Each structure stands twice: as structure tokens, then as C-alpha cells.
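Working through the structure, step by step
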Amino acid sequence: MMSGNVEVVVVGGGYGGVMAANRLARHDGVSVTLINRRPDFVERIRLHQLVTGSDDAVEGFGAVLGGDVRLVVDAVTRIDAAERTVTLAGGGTLAYDYLVYAVGSGAADPGVPGAAEFAHSVSDLEGAERLRPALAATPATAPVTVVGGGPTGIETAAELAEQGRAVTLVCGAELGPYLHARGRRAVARRLAALGVTVVEGRRARVTEVTPDAVRLDDGRELPSALTIWTAGFRVPDLAARSGLRTDAEGRLLTDATLTSLDDVRIVAAGDAAAMTDRPFRMSCQAAVQLGSGAANTILRRVAGRAPSPVRLLFAGQCVSLGRDEAVAQIAYLNDRPNALRVSGRAGAKVKELACRLPIDQLASGARKATSR
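1. A few points about helix α10 (residues 344-368)
- With 25 residues, α10 should reach 36 Å at 1.5 Å per residue; the first-to-last C-alpha distance of 37 Å fits that figure.
- Along α10, the sharpest kink reaches roughly 25°, centred on R356 and followed within four residues by the proline P358.

Right under this line is the structure:
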């Protein structure tokens, strides 16, 4: 058990980091500093809406972060586990007793010729903000290609098609690989109704992106005045650069209590965490649970108690299909999808509730982490 004030630094202000910070700051004797490179909280699950103008995809930290949490707008360039300090890009260091590693994830390097130069991203705020004016400058009748058959790709394609764009969605092997076959068929029907051309199959893999086309593995060339790449995510290399063990994707390796395999003072949350024996899907749904779990691990250690393994429970996956329809795929608690789903307008209501729920959870935590 530690005596005196405990200093906790949270690196990253996404869903997991904010959840952890609020939960920790509620406790006497715990001081929390959250470091985030942006001055606002990003609703990542709404970035496709930012592109078309139906939402700005940001919330002020004042709405979701407790008043007892100190916010530092900066980036961490290195974690010194031995000295228990972090180095800031803006200069100087901050010391900690415990650190929450919640750096999140962003757009992956496609590794395909021409993609870095000619394809846009909607996987992070900066990419979405660059894409919006590029879309506005593209003639309404010009062909648009979205690469990636996961939720981000499907939602982006549907959002654009609903605005009258001529959209082709290149999925690679399969449309909506997470979805149950029934949910996948419901998504395909809605995309067809919106006029989206879906390209999938073993050889529907993009091999090159040019300024005005997308080339596929089977030799086809799809005309594309604007190409949007949504396939894959990457995590920052901060853990690896700091000498901490990571998995092949660069996620910090932890045990079942979210504690780093290298240092009991470092606990992870969100997309940048990887439990060695309990792999989980990168998602907002996981991040809020991991943020809470990371805080509980630290609080138990501060109290001199052994932390408990974190158990993740999943409800499924919601995929919006324009503003008025969605498919809410129901899953077993272990994140295995089943045949149940809610589609159409009812699905859209479920999807909106799913988007609002984590914000409401963070806002509730913020109120509890603000001294009266």
C-alpha cells in the first residue's frame, strides 16, 4: 500500500483513457493527469459523419472529463519505466506513480503502391478533416471508391451513397466479416438499394491506387476520382520505442489484469492493449470496459490488494447504413455473432443509442470526478 498522494498519468484521451481518468480521479489521494495531443475528445465512431457534414465528431473535454483531472494538451515521445517519467513533445517531463497506456489507434499504412499518395483515410480525425474538402471538390457524379469491408468502410460507403455519390465498395474477401450471414445479407440489400457497387471475393484485393483508378488482384481497374482507404488500423509505436514488450501489431502486451508484462506500474486500456491470453476486438465497446478495468487494477494495487482479471462482455456490432437505417448485429457475450439482428429504422435507433451510450457513460464519470 502506498502512503501519501498517488500520481497517475493517463496517456491518451480516447474512450479508454477518459474512462480510466474519471474513475481514478474520484478517489481521495489519487491525482490524475491526462495527456492528449488534441484539445477535444474525438467521437471516432462518428468520423464518417464528419466527412459528409452530419456531425462534427468531437466533444469538448469539459463535457466528458472530470474537473479533478488535469488535462495536458501535448504528445508523449517516450516512457521511461525505470525513472517513472514521460517525456513530452513540447518539452519537459512528467513523473508518475502509475501510468495508463491508452494511446488508441489510427489509420494503418496500406502497404499498397500509390495508397499513401492517392488514398484518403477516415480512421482518425486528421484524415477525416482532410477528406471532407477533397470530397467537396470532387464532382457529384464522379466515381468514389471505398476500400475495406469492415464497419468503417460500410458506413462511409453508405453515407456517401445516400448523398447521391456513385460509390464502389471494395471489400477484399468478404463484406462485413464480423457479421452473421443474415446480418451480412441485410447490409448487402441496403447497400444495393443505395446504389453501392460491392466488389468482394478472393481476388478482390487492391494492388495499386492511382490518381484516378484502383487496380485489383484479378486485373480489373476501377475508375476512381476519390479513393478512401478504411482497411486496417495501427497503433502508435510509443511502447516499442520505450522498450516495452508489444505484440506483432505494436500493442502493449499485458496480463489479464491489463498490467504490462514489463512493469507493474504500467497498465493499458483501449486499442493499444493486448492481453496475451485474451485477445479482443479493437472497438469503442472494448475500450470503455478496458478503461474501467485499468483504473480498478491501479486502485487495487494502491490499496495493497491483488488486482482481478478483467472480463470483457460484448453485445455485438452496430453498422449504420446512412442516416435512417442500420444493422445492429447481436452477439454472444464472448463477441461471437449470432443470428439475431435489428435492421432498418429500428436498427438506426439502436445504432444511435450505441453511439450515445459511451458519451453518456463518460459524462456521468466526469460529474463524479468533479469536486463540488
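Read on, since the account is not over.
2. Some points on a positive patch on the surface
- Taken together, R182, R185, R189 and R341 make up a surface patch of like positive charges.
- Looking at the positive patch element by element, the count peaks at 3 residues for helix α7 (residues 181-194).
- Within the secondary structure, R189 is located in helix α7.

3. Thoughts on the pairing of strand β14 (residues 197-200)
- Examined bridge by bridge, strand β13 (residues 166-172) and β14 share 4 bridges and lie parallel to one another. Each residue of the ladder has a partner; that of G172, found in β14, is E200.
- Each parallel crossover has a hand, and for β13 linked through α7 to β14 it is right-handed.

4. Here we look at the pattern of salt bridges
- Scanning the model with the defined rule gives 21 salt bridges in all.
- A salt bridge links R215 to E208; the shortest N-O distance between them is 2.8 Å.
- With relative accessibility at 29%, the residue E208 sits in the partly exposed group.
- Between D247 and R251 there is a salt bridge whose closest N-O contact spans 3.1 Å.
- Connected via shared salt-bridge partners are R37, R38 and E126.

5. Topic: helix α9 (residues 284-302)
- Here α9 contains 19 residues, and its C-alpha end-to-end distance of 27 Å stays within 8% of the 27 Å for a straight helix at 1.5 Å per residue.
- For α9, a buried count of 14 out of 19 residues is recorded, marking the element as mostly surrounded by other parts of the structure.
- At the exit of α9 stands G304, carrying a positive phi of roughly 80°.

6. Comments concerning unusual backbone geometry
- Positive phi, close to 55°, is recorded for R84, a residue that is not glycine.
- For R84, the position within the fold is in the loop between β6 (76-80) and β7 (85-88).
- You can call R84 partly exposed: its relative accessible area is 28%.
- The phi dihedral of D335 is positive, around 75°, even though this residue is not glycine.
- In this fold, D335 is placed in the loop between β24 (326-331) and β25 (337-343).

7. Section: the packing of helix α1 (residues 15-25) against α9
- Contact pair α1 / α9: the axes reach a minimum separation of 7 Å and the direction vectors enclose 35°. In the crossing of α1 with α9, the sense of the turn from one axis to the other is right-handed. Counting all contacts with α1, which are made through Y15, G16, M19, A20, R23 and L24, the residues of α9 involved are C284, A287, V288, G291, S292, A295, N296, I298 and L299.

8. Here's the deal with the nonpolar core
- Of all hydrophobic cores here, the largest spans 63 residues; its most connected members are V8, L24, I79, V86, V100, Y101 and L290.
- Counting residues per element, this core draws most heavily on α9, at 10 residues.
- Apart from residues lying up to four places away in sequence, L24 is in contact with V8, V30, V32, V100, A295, I298 and L299.
- If you look at the next biggest cluster of nonpolar residues, it comprises 35 residues, including L135, A161, L169 and L226.

9. Looking at the packing of α1 against α10
- Put simply, α1 and α10 touch, their axes get as near as 9 Å, and they point 25° apart. Viewed along their axes, α1 and α10 adopt a mutual orientation that is roughly parallel. Judged by the sense of rotation from one axis to the other, the crossing of α1 with α10 is left-handed. In this structure, α1 contributes Y15, V18, M19 and N22 to the contact, and α10 contributes P358, I359, Q361, L362, G365 and A366.
- Classifying every residue of the contact of α1 with α10 by side-chain character gives 7 nonpolar, 3 polar and no charged.

10. A short note on the environment of G149
- Along the polypeptide, G149 turns up in the loop between β12 (143-147) and α6 (151-162).
- Classification of G149 as buried rests on a relative accessible area of 7%.
- Through-space distance from the C-alpha of G149 to that of P177 is 7.4 Å; in sequence the pair is 28 residues apart.
- Those residues in contact with G149 that lie beyond four places of it in its chain are I154, V170, C171, E174, L175, G176 and P177.

11. Digging into the environment of L125
- Considering the arrangement of structural elements, one finds L125 in helix α5 (residues 125-136).
- Along the backbone, L125 and A115 are 10 residues apart, and their C-alpha atoms lie at a distance of 18 Å.
- Beyond its immediate sequence surroundings of up to four residues, L125 is in contact with R38, V42, L47, L50 and V58.

12. As for the sheet that holds strand β2 (residues 30-36)
- Taken together, the 5 strands give an open sheet; going across it, the order is β5-β2-β1-β9-β21, and neighbouring strands pair in parallel fashion. Across the chains shown, the open sheet's two edge strands, defined by having one partner strand only, are β5 (69-73) and β21 (266-268). Between one strand and the next, the sheet's axes are offset by a mean angle of 20°, whatever the strand orientation.
- Bridge analysis of strand β1 (residues 6-11) against strand β9 (residues 98-101) gives 4 bridges, and the strand direction is parallel. Across the sheet, V9 pairs through a bridge with L99, a residue of β9.

Calculation criteria
- Residues numbered from 1 in each chain as written.
- Predicted model: local features only at pLDDT ≥ 70, side-chain atom pairs only at ≥ 80, totals over all residues.
- Heavy atoms only, no water.
- Helix = DSSP H or I, 4+ residues; strand = E, 2+ residues; numbered from the N terminus.
- Expected span 1.5 Å × (residues − 1).
- Bend = angle between axes of the 7 residues up to and from the residue.
- Patch = residues over 30% accessible without salt bridge, like charges linked within 9 Å, V, L, I, M, F, W, Y side chains within 5 Å.
- Areas by Shrake-Rupley, 256 points an atom, 1.4 Å probe, with all protein chains shown as cover.
- Salt bridge = Lys/Arg side-chain N within 4 Å of Asp/Glu carboxyl O.
- Lys, Arg positive; Asp, Glu negative; His and termini not counted.
- Charge placed at Lys NZ, Arg CZ, Asp CG, Glu CD.
- Pairing = 2+ DSSP bridges.
- Right-handed = clockwise from strand over helix to strand, strands pointing away.
- Buried < 20%, exposed > 50% of the residue type's maximum accessible area, 1.4 Å probe, protein only.
- Axes fitted to C-alpha atoms, helices over the stretch in contact; angles between N-to-C directions.
- Left-handed = near helix turned anticlockwise from the far one by under 90°.
- Contact = heavy atoms within 4.5 Å.
- Core = buried A, V, L, I, M, F, W, Y, C linked by side-chain atoms within 4.5 Å.
- Parallel < 35°, antiparallel > 145°, perpendicular 65-115°, else oblique.
- Nonpolar A, V, L, I, M, F, W, Y, C, P; charged D, E, K, R; others polar.

Just distances and angles here, no functional claims.
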